[in-house]
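Notes for the structure review
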There are 2 protein chains.
Amino acid sequence: MKLSRLGEFGLIERVRRIAPTSRDVRLGIGDDAAWVRAKTDTFLVTADLLIEGVHFNLDWTSLFDLGYKTLAVNLSDIAAMGGTPAYVVISLGIPRRFRSTQIEDFYKGIRSLASEHKVAVVGGDTSVADCLIISACLMGHAPYQPITRSGAEVTNDIYVTGTLGDSALGFELLKNKPAGMRKDLASQLITRHHKPTPRVAVGSLLARERLATAMIDVSDGLLQDLGHIAEASGIGATVWEERLPISRAYHQLEEKHGRRYALTGGEDYELLFCARRSDRRRIEKLQGQTKVPIARIGTCVSADEGILVLGRSGEPVSFPAGGHDHFKKQPVVRNT
Amino acid sequence: MKLSRLGEFGLIERVRRIAPTSRDVRLGIGDDAAWVRAKTDTFLVTADLLIEGVHFNLDWTSLFDLGYKTLAVNLSDIAAMGGTPAYVVISLGIPRRFRSTQIEDFYKGIRSLASEHKVAVVGGDTSVADCLIISACLMGHAPYQPITRSGAEVTNDIYVTGTLGDSALGFELLKNKPAGMRKDLASQLITRHHKPTPRVAVGSLLARERLATAMIDVSDGLLQDLGHIAEASGIGATVWEERLPISRAYHQLEEKHGRRYALTGGEDYELLFCARRSDRRRIEKLQGQTKVPIARIGTCVSADEGILVLGRSGEPVSFPAGGHDHFKKQPVVRNT
């Protein structure tokens, strides 16, 4: 049904029926505010704003995937603190041309990931807009001391979960569809782009075991996010290019750009963290426990050494500047 | 400085310096998530999305006032539950033409109201956008049982705080500036439009004393918001037009529209609540305590009587349909 016929309150009612809830929600969608249980004496809050034409393009992304990814990127932020996600609030600016089924698909995408993590949608706001605007605010519990960006120390190891560069390479393939490309491999990467896996369990275990000294999720690109840890912790970092974990699909399709996407491509939503050298065996054990690959990719050095990528023979590797700054660069559509 | 020169991270740093904080914030702006204290075992969450050209127009509103109002409307939602506001997250979509001082003014507006209510800005997200987009998510504590929309009962009295219609009439004057209008009076109404007073103390006392059976804030217009209480509570309502509290300025400038703005104009952010007849004296006492006028404007009747406005001699008064539905109506620029 067209939104102009259904109306704002009709839409809210449909959303209320789809939106996942939990037994910790005392009062969900439909009042002036949601009312929820605080299960720990502190909590974590993160927010993301996604705008059509800036962060995503509806020609490339389904509303379902967009819902999935909206939640995923926020879950990833809570994961990067070692927290347990719990409640999300979603505000939407919706163009008049939209049909209610599109918004329902968006919430179904959210629900598909929310149920896995026992996250409840507890409220939000709705408005007309010229383009689709998605604003999410996720709250999580903090059963363990959260891991910030600022605790890394010189001689710490640097680790990353999963594989890097898949999302950025997948996005490239999505836009350009080069001829002769193996579709099965491309499709794996594109799925990684549309449906990143937030590493909530790994983040939580790292906090519980007090293993990570500093942590961030890789949203802006490995080097930029490592830069955030380095700056907050007052350290430098050396990364071994050879150790960067890449997927089989990335390996087979990467020829042109080598490790560039793994170093500077964004939106992998893997966890990047530092840990003491003495904890190497415990990190390996954690990898076995969670079945999530964890690669040791570098070491923390003193701040004046900056951030350096070393090639196979130990030579410094130069790489094109990457990462993302909303205001400094020209508008480029990312497909969040 | 132009945002294109300052960059996203430069802007975040400036915002961090202006944004108010509190001793309950363990970790504020600058990490993957904020980390804050939960002082009660439940908490309240509300969100608002404000879009340039839909909710506000920068020709009529300063960035400072816009910041103030962004926080005010969210505080009002927490007030309407009887909660205590604590932490706010602000996401902004910012056009490239903006200068950083404009965004700083916006946060100064937030700060001016935040400090009064001991609210901390703990995070958010920033993006480029074609128009200014403001998304706020406010969390509050719930020291008392929250007051929902659904507890009103037949024979309950209906009350409203402050005065009604000032904001909508003020907005009208802001747009049309009629000749010969008394500027001092107009300016009072326009200020009420730009800087509504969230009734946090009254809401909290009503919850503490368990005096309100149902409550909502008047954001969409008295009749529409009363309709929300009526629907959620399964009641009808009779309102006496003569009893609607209007300001001196409204009274002197209202000639053309009578009580229309008081009945259907939105954005007053007063509290509308129901209470038992036996509690009339306690409500009067509360009025004395808080120094906020509280007017008894009607009574709860059975659902089948609907919502009726009665004139001076008890005759039903008809009024033009009002209130606000984002999708059903043609786009009308409201000024937040």
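Figured I'd write up the structure that's included with this text. This is a predicted model, so every value here is computed, not measured. (Residues numbered from 1 in each chain as written. Chains lettered and ligands numbered in written order. Predicted model: local features only at pLDDT ≥ 70, side-chain atom pairs only at ≥ 80, totals over all residues. Heavy atoms only, no water.)

1. A few points about the packing of aromatic side chains
- A complete count under the given rule lists nine aromatic pairs over all chains for this structure.
- When the ring of Tyr159 of chain A is compared with that of Phe273 of chain A, the centres are 5.2 Å apart and the planes differ by 15°; the resulting orientation is stacked. Here Tyr159 of chain A is found in strand E8 (residues 157-161), whereas its partner Phe273 of chain A is found in strand E11 (residues 271-275), with 114 residues between them in sequence.
- Accessibility expressed as a relative area gives 0% for Phe273 of chain A, which makes it buried.
- Taken together, Phe43 and Tyr87 of chain A together with Phe43 and Tyr87 of chain B form an aromatic cluster joined through their ring pairs. (Phe/Tyr/Trp six-rings, centres within 6.5 Å; stacked < 30°, edge-to-face > 60°. Helix = DSSP H or I, 4+ residues; strand = E, 2+ residues; numbered from the N terminus. Buried < 20%, exposed > 50% of the residue type's maximum accessible area, 1.4 Å probe, protein only.)

2. Here's the deal with the pattern of salt bridges
- Within the structure shown, the criterion is met by 39 salt bridges over all chains.
- The closest approach of N and O atoms between Arg182 of chain A and Asp184 of chain A, which form a salt bridge, is 2.8 Å.
- Among the residues examined, Asp184 of chain A registers a relative accessible area of 39% and is labelled partly exposed.
- Among the ionic pairs, Glu267 of chain B bridges to Lys69 of chain B, the shortest N-O distance being 3.2 Å. Linking Glu267 of chain B in the loop between helix H9 (260-264) and strand E11 (271-275) with Lys69 of chain B in helix H2 (residues 63-79), this pair joins segments that are 198 residues apart in sequence.
- Assessed through its relative accessible area of 5%, Glu267 of chain B is described here as buried.
- Residue class for Lys69 of chain B comes out buried when judged on its relative accessible area of 2%.
- By sharing partners, the salt bridges in this structure join Arg208, Glu209, Arg276, Asp279 and Arg282 of chain A into a single network. (Salt bridge = Lys/Arg side-chain N within 4 Å of Asp/Glu carboxyl O.)

3. Quick look at the nonpolar core
- Membership of the largest hydrophobic core comes to 126 residues, with the highest contact counts inside it found for Tyr107 and Leu206 of chain A together with Tyr107 and Leu206 of chain B.
- Not counting the four nearest positions on each side in its chain, Tyr107 of chain B is found in contact with Val15, Ile18, Ile90, Leu92 and Val121 of chain B. (Core = buried A, V, L, I, M, F, W, Y, C linked by side-chain atoms within 4.5 Å. Contact = heavy atoms within 4.5 Å.)

4. Digging into the sheet that holds strand E9 (residues 212-217) of chain A
Residues and elements named next belong to chain A.
- Taken in spatial order, the six strands of this open sheet run E9-E11-E8-E12-E10-E13, and their pairing is mixed. Lying at the two open borders of the sheet, with one neighbouring strand each, are E9 and strand E13 (307-310). Between one strand and the next, the sheet's axes are offset by a mean angle of 25°, whatever the strand orientation.
- Here strand E10 (residues 235-240) pairs with E13 via four bridges, running parallel. Bridged to Val239 within E13 is Val309.
- Packing of helix H7 (residues 222-233) onto the sheet brings it into contact with E8, E9, E10, E11, strand E12 (294-302) and E13, and relative to E9 it is tilted by some 140°.
- Of the strands in this sheet, E8, E11 and E12 are in contact with helix H10 (residues 280-290), which crosses E12 at around 150°. (Pairing = 2+ DSSP bridges. Axes fitted to C-alpha atoms, helices over the stretch in contact; angles between N-to-C directions.)

5. Observations regarding the interface of chain A and chain B
- Facing the 72 residues of chain A at the interface are 72 residues of chain B.
- Summing the contributions of chain A and of chain B, the shared interface buries around 5700 Å²; its carbon and sulfur component is 63%.
- It is Asp32, Phe43 and Phe327 of chain A that lose the most area in chain A upon contact with chain B, and together they represent 16% of the buried surface on that side.
- Counting the contacts that link chain A with chain B gives four salt bridges. (Buried area = accessible area lost by both parts, 1.4 Å probe.)

6. Some points on the pairing of strand E2 (residues 34-37) of chain A
- Alignment of strand E1 (residues 25-27) of chain A against E2 of chain A, held across two bridges, turns out to be antiparallel. Opposite Leu27 of chain A, over in E2 of chain A, you have Trp35 of chain A as the bridge partner.
- Counting the residues that bridge the hairpin from E1 of chain A to E2 of chain A gives six residues, and of these Gly30 of chain A lies at a positive phi of roughly 125°.
- Sheet topology places E2 of chain A next to strand E3 (residues 42-51) of chain B; four bridges connect them, and they run antiparallel. Bridged to Val36 of chain A within E3 of chain B is Phe43 of chain B.

7. Focus: helix H5 (residues 183-194) of chain B
- When the terminal C-alpha atoms of H5 of chain B are compared, their 16 Å separation across 12 residues agrees well with the 16 Å that a helix rising 1.5 Å per residue should span.
- Lining the buried residues of H5 of chain B we find H2, helix H4 (166-176) and helix H8 (248-253) of chain B. (Expected span 1.5 Å × (residues − 1).)

Take it as geometry only, folks, not as evidence of what the structure does.
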